[in-house]
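Per-entry structural report
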Amino acid sequence: MDQLELGKPEERRKPERQVNGIFWIILLNIGIYVADHLFQVRGIRSLYLYHNWPAWYQFVTATFCHANWNHLSSNLFFLYIFGKLVEEEEGNFALWLSYILTGVGANLVSWLILPRNAVSVGASGAVFGLFTISVLVKMSWDWRKILEVLILGQFVIEKVMEAAQASTALSGTFRGGNSLQSVNHIAHLSGALVGVVLVWLLSRVPSQPPNGEISNSHRKKDRTL
């Protein structure tokens, strides 16, 4: 029995990715919230996206700012779930890239469509983007998977909408009469669409076979020769 067990080929296990990126994103969101709302650090609100005359960096920084604790806590919950899934599947760099691109894309579309006196904050666009990416990366036509996506999807949309509505507590004026955008449905939809585009673009990139497969194919060619 020992000889048979020793003779068994070892099962190849998929290497586990170390998940760190999502925790840094969460800490960055919390840190900016604490500096803004607890310590009221000057200059933090310059990170908000002011639609009347935005600075280029505000399209990025606004995705790390939040209106109040309810707005932040709900976004952090879904950021952890879907960000962790994306990082486990695609890696740390892909997580940061997905978060920033979906968040920036959502803010850009919001800036193009919403009134000039609006102010946008929040990671909701990035949350919808990460949700879309995490679903599409693992998507299959198994009816169980489809049902799971439908159930989880409606729950995510409902909770993120509640968090966005909670931001009305900070509705007011900033910088010359600008009003904080309370429920930015455009950002939610835009973030999801940017996530779809990202997955589509990545699917067009040809994947290289592992080194082991390349060497095996060369050996087969040598044997045939």
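This one's a predicted model, so the numbers in the text were calculated from it and none came from an experiment.

Examining the overall build of the protein chain
For the protein chain, the count of helices and strands is 9 helices and 4 strands. For the protein chain, the proportion of its 225 residues judged to be buried stands at 40%. For the protein chain, restricting intrachain contacts to residue pairs at least 6 apart in sequence, the fraction spanning at least 24 positions comes to 79%. Accessible surface computed for the protein chain: about 14,100 Å², of which carbon and sulfur atoms make up 62%.

A short note on unusual backbone geometry
We note that glutamine 40 has phi near 50°; this positive angle belongs to a residue other than glycine. Its location among the elements puts glutamine 40 in the loop between helix H2 (21–38) and strand S1 (49–50).

Digging into the confidence of the model for the protein chain
Do not read the predicted coordinates in detail wherever pLDDT is low. Put simply, the protein chain has an average pLDDT of 77, and 62% of its residues get 70 or more. In this model, residues 1–11 is a region of pLDDT below 50 whose contacts with residues beyond four sequence positions or in other chains number 0 contacts. In the predicted structure, residues 166–173 sits below a pLDDT of 50 and forms 21 contacts with residues beyond four places in sequence or in another chain.

What about the packing of helix H5 (residues 92–113) against helix H6 (residues 124–137)?
Relative orientation of the contacting elements H5 and H6 amounts to 125°, with a least axis distance of 8 Å. Between H5 and H6, the interaxial angle falls into the category oblique. At the point where H5 passes H6, the crossing takes the right-handed sense. Contacts from Leu95, Ser98, Tyr99, Thr102, Gly103 and Ala106 of H5 reach H6 at Gly125, Ala126, Gly129, Leu130 and Ile133. Taken together, the residues of the contact of H5 with H6 break down into 6 nonpolar, 5 polar and no charged.

Here we look at the nonpolar core
With 33 residues, the main nonpolar core has Ile22, Tyr48, Cys65, Leu79, Leu95, Tyr99 and Leu130 as its most contacted residues. Elements supplying a minimum of two residues to this core: H2, helix H4 (69–90), H5, H6 and helix H8 (185–204). Apart from the residues lying within four places of it in its own chain, the contact partners of leucine 79 are Ile22, Ile25, Asn29, Lys84, Tyr99, Ala123, Val127 and Leu130.

Regarding the packing of H4 against H6
Interaxial distance between H4 and H6 falls to 9 Å at its minimum, and their mutual angle equals 35°. Of the two elements, H4 crosses H6, and the hand of that crossing is left-handed. Contacts between H4 and H6 pair His71, Asn75, Phe78, Leu79, Phe82, Gly83, Leu85, Val86, Glu89 and Glu90 from the former with Ser124, Val127, Leu130, Phe131, Ile133, Ser134 and Val137 from the latter. In terms of residue class, the contact of H4 with H6 is made up of 10 nonpolar, 5 polar and 2 charged.

Notes on a nonpolar patch on the surface
A surface patch of nonpolar side chains, amounting to about 350 Å² of accessible area, comprises Phe23, Phe77, Tyr80 and Ile81. Take phenylalanine 23: it is sitting in helix H2.

How each quantity is defined
Residues numbered from 1 in each chain as written. Predicted model: local features only at pLDDT ≥ 70, side-chain atom pairs only at ≥ 80, totals over all residues. Heavy atoms only, no water. Helix = DSSP H or I, 4+ residues; strand = E, 2+ residues; numbered from the N terminus. Buried < 20%, exposed > 50% of the residue type's maximum accessible area, 1.4 Å probe, protein only. Contact = heavy atoms within 4.5 Å. Areas by Shrake-Rupley, 256 points an atom, 1.4 Å probe, with all protein chains shown as cover. pLDDT = per-residue confidence, 0-100. Axes fitted to C-alpha atoms, helices over the stretch in contact; angles between N-to-C directions. Parallel < 35°, antiparallel > 145°, perpendicular 65-115°, else oblique. Left-handed = near helix turned anticlockwise from the far one by under 90°. Nonpolar A, V, L, I, M, F, W, Y, C, P; charged D, E, K, R; others polar. Core = buried A, V, L, I, M, F, W, Y, C linked by side-chain atoms within 4.5 Å. Patch = residues over 30% accessible without salt bridge, like charges linked within 9 Å, V, L, I, M, F, W, Y side chains within 5 Å. Salt bridge = Lys/Arg side-chain N within 4 Å of Asp/Glu carboxyl O.

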